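# Remarks on the overall topology
The chain contents come next:
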Amino acid sequence: MFDTRELRHKVAIVGAAETNEVGVLPNHSQLQLHAEAAFNALDDAGLTLDDIDGYAGVQGAAVTEYLGIMPRWIDATGVGGCSFLIHVSHAVAAIAAGYCSTVLITHGESGRSRVGVGAPSGGRGEPGGQFDAPFGVAGPPSRFSVPIAAHMAKYGTTEEHLAAVSVATRQWASRNPRAMMREPITVEDVINSRLIAWPLHLLNCCLVTDGGGALILTSEDRARDFPKPPIYVLGRGESAQHQNISQMRDLTGWSAAAEITGPEAFRMAGVGHDAIDHLMLYDAFSHTPIYALEALGFVGPGEGGPWFAEMNSAPGGTLPVNTNGGGLSYTHTGMYGMFAIQEAVRQLRGEAAAQVDGVRTSLVHAPGGMFSATATLILSNE
Amino acid sequence: MAAIAKPLPQPTPETQEYWDGLRRGELRIQRCNTCGRGYFYPRPFCPRAGCHSRDVGWITASGKGTLATYIITHRGHPAFEAPYVIALVELEEGGRMMTNIVGLEDLEPANLPVGAPVEIVFQPSEEDITLPMFRLV
Ligand SMILES: [Zn+2]
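Predicted model only: the values in this text are computed from it and were never measured. (Residues numbered from 1 in each chain as written. Chains lettered and ligands numbered in written order. Predicted model: local features only at pLDDT ≥ 70, side-chain atom pairs only at ≥ 80, totals over all residues. Heavy atoms only, no water.)

## Observations concerning the overall build of chain B
Looking only at helices and strands, one finds one helix and eight strands in chain B. Starting at the N terminus and ending at the C terminus, chain B contains elements arranged as α-β-β-β-β-β-β-β-β. For 137 residues, the compact-globule estimate of 2.2 N^0.38 gives 14 Å, and chain B sits close to it at 16 Å. Seen through its C-alpha atoms, chain B measures out along the principal axes to roughly 45 × 35 × 25 Å. The 137 residues of chain B split such that 45% are buried. Taking all contacts inside chain B whose residues are at least 6 apart in sequence as the whole, residues at least 24 apart take part in 51%. Here chain B displays about 6,800 Å² of accessible surface, and carbon together with sulfur accounts for 47% of that area. Here chain B contributes 13 positively and 16 negatively charged side chains, and the mean placements of these two sets differ by 8 Å. (Helix = DSSP H or I, 4+ residues; strand = E, 2+ residues; numbered from the N terminus. Rg over C-alpha atoms; globule rule 2.2 N^0.38 Å. Buried < 20%, exposed > 50% of the residue type's maximum accessible area, 1.4 Å probe, protein only. Contact = heavy atoms within 4.5 Å. Areas by Shrake-Rupley, 256 points an atom, 1.4 Å probe, with all protein chains shown as cover. Lys, Arg positive; Asp, Glu negative; His and termini not counted. Charge placed at Lys NZ, Arg CZ, Asp CG, Glu CD.)

Written as structure tokens, this is what we have:
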């Protein structure tokens, strides 16, 4: 058995692209979004579908059929918004093991227009159907929000802290022409926006959009033969801890991130926190990045809210976070993780809309479901 | 337009005792005979990391617990009259469950301190289902 550290820097992202547009796309079926992103990423890498021998995506076989491919390695891990980070993680191992040489990962989601989308699942006899649904939870705003009051009570996190996350993220969005919401906002604007589920107001909640993205990965020895500079995978971590928010292990902290995905990603990458100069922390709601920042050890427990309130994450701050405008203001199709990876790649290539100077190493971190699954990636251009 | 139905549970073999108990006005939960702690939801083994014993049984819980966290939902399920409180309660015997906090006049965070003691209210519903709701003590 080998040590995961042997996989550090062995696989690179050599193609990355989103759909032509993100936002409201009623003229695209969900599978069309997968395909458009796939072709854009192939163009970015100078490849064709015939060069692809590995495929990953939450819709698995449906996409292989639609694209007309028959790969020798597949991964249909579907655990929500962090699935794409896990696909990258698994692709690193598959390429290193020789299961395949060139992996395509796609995301397509008609999250807003719901074109060509299956019915939502979740039966009345499943644990969530028996023990959570009867109390009127209705979608992510009334599930993901449930732990926040415990964090507020334990650490003194406030609605102003939560609002600051939205304000800083909007500052990045205002620099990105593709972002859906670009008007600058203030802490008061967030707190005065209508209550969705106290303590969350409308401007604490992510967007609901259509869009897609795709990645192409290959081995280090081939990675410099492509048009764009390779972005190396240095570290990865993945886990899952519950399905239903009522069963979250610790309501005041993100256990899987703190105990598993963060430590594993840093250990494999062989870098410390000070090496990270850019963060993509999936922001389904304003509290998600606060929990992530604390769990990953960038600040201590309970220090996340004040850190964001000091505008450390904003343009000109000490550590740029969610520089595309995030799920809060850029786009959020439902499973946003693909877009977080895309922005990390753009920043590392030096081609982001709101480019930060000198980004060398970026950490991408995401939940799947309601803090249910978790994944972390550390990417570098060196 | 027909009224939207409230989402009701469908008991399964390992949870039937729990739902039968609620209908009788008893909070039946499971307790691990190895680590000695109650847990929720029912399943034929202890879900606690480091234990996972299969030596478990049923107890009638006191129905007392503490408010672990909550939201005041303003835009929730269409069959519910907003605003309403969705909460998690830590049971005295162990285990955490989702519920609604009932009996509050003024749904303000100041009236709902995290850590407050709560007790069960058996709330009959349709289809022979009784739901466990809680009120502040
Ligand atoms: Zn036990």
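More follows now that the structure is in view.
## Things to note about the overall build of chain A
Broken down by element type, chain A carries 12 helices and 11 strands. Its C-alpha atoms give chain A a radius of gyration of 19 Å, within 12% of the compact-globule value 21 Å for 382 residues. Along the longest, intermediate and shortest principal axes, the C-alpha atoms of chain A span 55 × 45 × 45 Å. Taken across its 382 residues, chain A has 64% of its residues classed as buried. Nonlocal contacts in chain A, meaning residues at least 24 apart in sequence, comprise 74% of its contacts between residues at least 6 apart.

## Things to note about the layout of surface pockets
The computed volume of the second largest pocket comes to approximately 330 Å³. Looking at the lining of the second largest pocket, its residues break down into 14 nonpolar, four polar and three charged. (1 Å grid on protein atoms, 1.4 Å probe; cavity = no way out; pocket = protein on both sides within 12 Å on 5 of 7 lines; lining within 4 Å. Points joined across faces, edges and corners; volume = space filled by probe spheres on them. Nonpolar A, V, L, I, M, F, W, Y, C, P; charged D, E, K, R; others polar.)

## Overview of unusual backbone geometry
Cis peptide bonds are those with omega within 30 degrees of zero, and the linkage from Trp-198 of chain A to Pro-199 of chain A qualifies with 10°. Its place among the elements puts Pro-199 of chain A in the loop between strand E5 (195-198) and strand E6 (200-201). Of note, the amide linkage connecting Ala-82 of chain B to Pro-83 of chain B takes the cis form, showing an omega dihedral of -5°. Topologically, Pro-83 of chain B is positioned in the loop between strand E4 (64-73) and strand E5 (84-91). Located in the positive-phi region is His-9 of chain A, a residue other than glycine, with phi close to 70°. Inspection of the secondary structure puts His-9 of chain A in the segment before strand E1 (11-18).

## Describing the coordination of the zinc ion
Residue and element names in this part refer to chain B. The protein atoms donating to the zinc ion are Cys-32 (SG), Cys-35 (SG), Cys-46 (SG) and Cys-51 (SG), with metal-donor distances spanning 2.2 to 2.4 Å. Given four donor atoms and angles of 102 to 118° at the metal, the environment of the zinc ion is assigned as tetrahedral. Read N to C, the donor residues that coordinate the zinc ion are spaced as C-x2-C-x10-C-x4-C. Here Cys-35 is found in the loop between strand E1 (27-32) and strand E2 (38-39), whereas its partner Cys-51 is found in the loop between E2 and strand E3 (56-61), with 16 residues between them in sequence. Cys-51 gets classed as partly exposed once you look at its relative accessible area, which sits at 23%. (Donors = N, O, S within 2.8 Å, 3.2 Å for Na, K, Ca; no water. Tetrahedral: all angles 85-135°; square planar, octahedral: opposite > 155°, others 65-115°.)

## Structural notes on the interface of chain A and chain B
Counting residues at the interface gives 33 residues for chain A, matched by 38 residues for chain B. Carbon and sulfur atoms supply 63% of the area that chain A and chain B bury against each other, a total of about 3,000 Å² over both sides. Linking chain A to chain B there are 16 residue pairs in polar contact (both at pLDDT 80 or more). For the side of chain A that touches chain B, the elements supplying multiple residues, two or more each, are helix H4 (127-131), helix H5 (148-155) and E5 of chain A. Residue classes in the side of chain A that touches chain B are distributed as 21 nonpolar, eight polar and four charged. (Buried area = accessible area lost by both parts, 1.4 Å probe. Polar contact = N/O pair within 3.5 Å; in protein donor to acceptor, adjacent residues only side chain to side chain.)

## Remarks on the packing of helix H6 (residues 159-173) of chain A against helix H9 (residues 287-295) of chain A
Residues and elements named next belong to chain A. Here H6 crosses H9 at 95°, and the two axes come no closer than 8 Å. Between H6 and H9, the angle falls in the class roughly perpendicular. Two secondary-structure elements touch here, H6 through His-161, Leu-162 and Val-165 and H9 through His-287, Pro-289 and Ile-290. When the residues that make up the contact of H6 with H9 are grouped by side-chain class, the tally is four nonpolar, two polar and no charged. (Axes fitted to C-alpha atoms, helices over the stretch in contact; angles between N-to-C directions. Parallel < 35°, antiparallel > 145°, perpendicular 65-115°, else oblique.)

## Looking at the packing of aromatic side chains
What characterises a pair of aromatic rings is the spacing of the ring centres plus the angle enclosed by the ring planes. Under the criterion given, the structure shown has 16 aromatic pairs over all chains. Ring centres of Phe-144 of chain A and Phe-371 of chain A lie 4.8 Å apart, and the angle between their planes is 80°; this geometry places the pair in the edge-to-face category. Taken together, the positions of Phe-144 of chain A in the loop between H4 and H5 and Phe-371 of chain A in the loop between strand E10 (361-368) and strand E11 (373-380) put the pair 227 residues apart, joining distant regions of the chain. Using a relative accessible area of 3% as the deciding quantity, one classes Phe-144 of chain A as buried. Clustering of aromatic rings is evident, with ring pairs tying together Phe-131 of chain A together with Tyr-18, Trp-19, Phe-40 and Tyr-41 of chain B. Positioned above the aromatic ring of Phe-80 of chain B, the side-chain terminus of Lys-6 of chain B is 4.3 Å from the ring centre. Here the basic side chain of Arg-43 of chain B rests over the ring of Tyr-41 of chain B, its NZ or CZ set 3.9 Å away from the ring centre. (Phe/Tyr/Trp six-rings, centres within 6.5 Å; stacked < 30°, edge-to-face > 60°. Lys NZ or Arg CZ within 6 Å of the ring centre and 35° of its normal.)

## Concerning the side chain of His-242 of chain A
Residues and elements named next belong to chain A. Structurally, the position occupied by His-242 is in the loop between strand E8 (231-240) and helix H8 (255-269). Separated by 2.8 Å, the side chain of His-242 and the backbone oxygen of Met-370 make a polar contact. When near neighbours in sequence (up to four residues on either side) are disregarded, His-242 contacts Gln-247, Met-248, Arg-249, Met-370, Phe-371 and Ser-372.

## Examining H5 of chain A
Since one α-helical turn is 3.6 residues long, residues separated by three or four positions face the same way. Buried residues of H5 of chain A: Ile-148, Ala-149, Ala-150, His-151 and Met-152 of chain A, and no others. Residues of H5 of chain A that are buried make contact with H6, E5, E6 and H9 of chain A together with E4 of chain B.

## Re the environment of Asp-189 of chain A
By the secondary structure assignment, Asp-189 of chain A is in helix H7 (residues 187-192). From its side chain, Asp-189 of chain A meets the backbone nitrogen of Thr-186 of chain A in a polar contact 2.9 Å long.

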